[in-house]
Amino acid sequence: MSHHEESDDIDFFAQFSDVVPLKQNTIEFVPPTKDSIAKQARRQNIELSMQLANNHLSLECFRPLDPYDHLTFKKSGVQDGVFKNLRMGKYKIEGVVNLQNQKFEQARNVVFTRINEAYKNGSRTLLIKHGIGLHSKPVPAMLKSYVNQWLQEMPQVIAFHTAMAHHGGNGASYVLLKKNDEQKAENREFHRKR
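In this report, we go over the structure that sits alongside the text. Counting from 1, residues in each chain are numbered in the order their sequence is written. Per-residue local features are limited, in this predicted model, to residues with pLDDT of at least 70; the limit for side-chain atom pairs, both in listing and counting, is 80 or more; totals at the level of whole chains, interfaces and linings are taken over all residues. Excluded from the side-chain calculations are hydrogens and water; all other atoms, namely the structure's heavy atoms, are used.

1. Quick notes on the overall build of the protein chain
Here is the rule: Each helix corresponds to a stretch of at least 4 residues labelled H or I by DSSP, and each strand to a stretch of at least 2 residues labelled E; elements are numbered beginning at the N terminus. Each residue is placed in one exposure class: buried if its accessible area under a 1.4 Å probe, protein chains only, is under 20% of its type's maximum, exposed if it is over 50%, and partly exposed if it falls in between. Contact criterion: two residues are considered in contact whenever any of their non-hydrogen atoms come within 4.5 Å of each other.
Check the secondary structure of the protein chain and you find 6 helices and 5 strands. Ordered by position from N to C terminus, the α and β elements of the protein chain give α-α-β-α-β-α-β-α-β-β-α. Here the protein chain, with 194 residues, has 32% of them falling under the buried criterion. Sequence separation of at least 24 residues holds for 75% of the intrachain contacts in the protein chain that already meet a minimum separation of 6.

Here it is, written out as structure tokens:
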């Protein structure tokens, strides 16, 4: 806009007595300081360590599995049709949790945090890649055995089953999470309106 056009605009608006030109405020962008970035990182680390301190997943495996065992679990109340669709891999996978090549404690923490996050975010179906553990030490299928146990210990998990071959077969499992409180409220509202 030229200076001439700007003064025409001002003259035009000047004929209206109650119109006052706006002051031009410049908003200055202040980049975050290293200090604030460090504080944010520290806060996130504290939140994560508090969450991991609440990690109740077992450190001892009660039932070792064979590498080729199928994982299957369903809480009462899960409809047979829902479980069949899970088993057949018919639900959209909303997140993949890859535990392969992770150390035991790291895998335990990843399972705990990722399932909690997925539940909070409203995800319903995950794929956990645990591998079959043919050569795992000290026993075969060690991680797979623990995953089988950990998933049963998590209240957010209502069902899981060994994946179809194209999703990893015996080395992976579909996990179905219950609806979070927000989703339950939406569901109640939907059914109330019908």
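2. Comments concerning the sheet that holds strand E5 (residues 172–177)
Convention followed: When DSSP finds two or more bridges between two strands, those strands count as paired. With axes taken as lines fitted to C-alpha atoms, and helix axes fitted only over the stretch in contact, angles between N-to-C directions fall between 0 and 180 degrees.
Taken in spatial order, the 5 strands make up an open sheet running E1-E4-E5-E3-E2, and their pairing is mixed. The sheet is open, and its two borders are formed by strand E1 (72–74) and strand E2 (95–98), each paired with just one other strand. On average, each strand axis in the sheet is inclined to that of its neighbour by 25°, with strand direction left out of account. Here strand E3 (residues 125–129) runs beside E5; their pairing, made up of 5 bridges, is antiparallel. By the bridge assignment, Leu127 is partnered in E5 with Tyr174. Where helix H3 (residues 80–87) meets the sheet, its contacts fall on E1, E3, strand E4 (157–162) and E5, and the angle it forms with E4 comes to roughly 45°. Where helix H5 (residues 142–153) meets the sheet, it contacts E1, E3, E4 and E5, and its direction lies at approximately 155° from that of E4.

3. Details of the packing of aromatic side chains
Put simply, the rule is: Between the rings of Phe, Tyr and Trp (Trp by its six-membered ring), a pair exists once the centres lie within 6.5 Å; its type follows the angle of the planes, with under 30 degrees stacked, over 60 edge-to-face, and the other angles tilted.
Evaluated as defined, the whole model comprises 4 aromatic pairs. Between the aromatic rings of Phe73 and Phe160, the centroid separation amounts to 5.2 Å while the plane-to-plane angle is 25°, which identifies the pairing as stacked. Separated by 87 residues along the polypeptide, Phe73 in strand E1 and Phe160 in strand E4 bring together distant segments of the chain. The class of Phe73 is buried, set by a relative accessible area of 17%. Where Phe104 meets Tyr146, the ring centres are 4.7 Å apart and the plane angle is 70°; that geometry is what we call edge-to-face. With a gap of 42 residues between them, Phe104 in helix H4 (residues 104–121) and Tyr146 in helix H5 connect regions that are remote in the sequence. A residue is classified by how much of its surface remains accessible, and Tyr146, at 10% relative accessible area, is buried. Among the aromatic residues, those joined into a cluster by ring pairs are Phe104, Tyr146 and Trp150.

4. Describing H4
The cut-off we apply is this: In a helix, the anticipated span is given by 1.5 Å times the number of residues less one.
With 18 residues, H4 extends 26 Å between its outermost C-alpha atoms, agreeing within 8% with the 26 Å of an ideal straight helix rising 1.5 Å per residue. Of the positions making up H4, those classed as buried are Ala107, Arg108, Asn109, Val110, Val111, Phe112, Thr113, Ile115, Asn116, Ala118 and Tyr119. Gly122 sits one or two positions beyond H4 and adopts a positive phi of about 85°.

5. Topic: the pairing of E4
Most of E4 sits inside the fold, with 6 of its 6 residues counted as buried. Pairing of E1 with E4, which is carried by 3 bridges, proceeds in the antiparallel orientation. Across the sheet, residue Thr72 finds its bridge partner in E4, namely His161. Judged from the 5 bridges that link them, E4 and E5 form a sheet pairing that is antiparallel. Bridge assignment links Val157 to a residue of E5, and that residue is Leu177.

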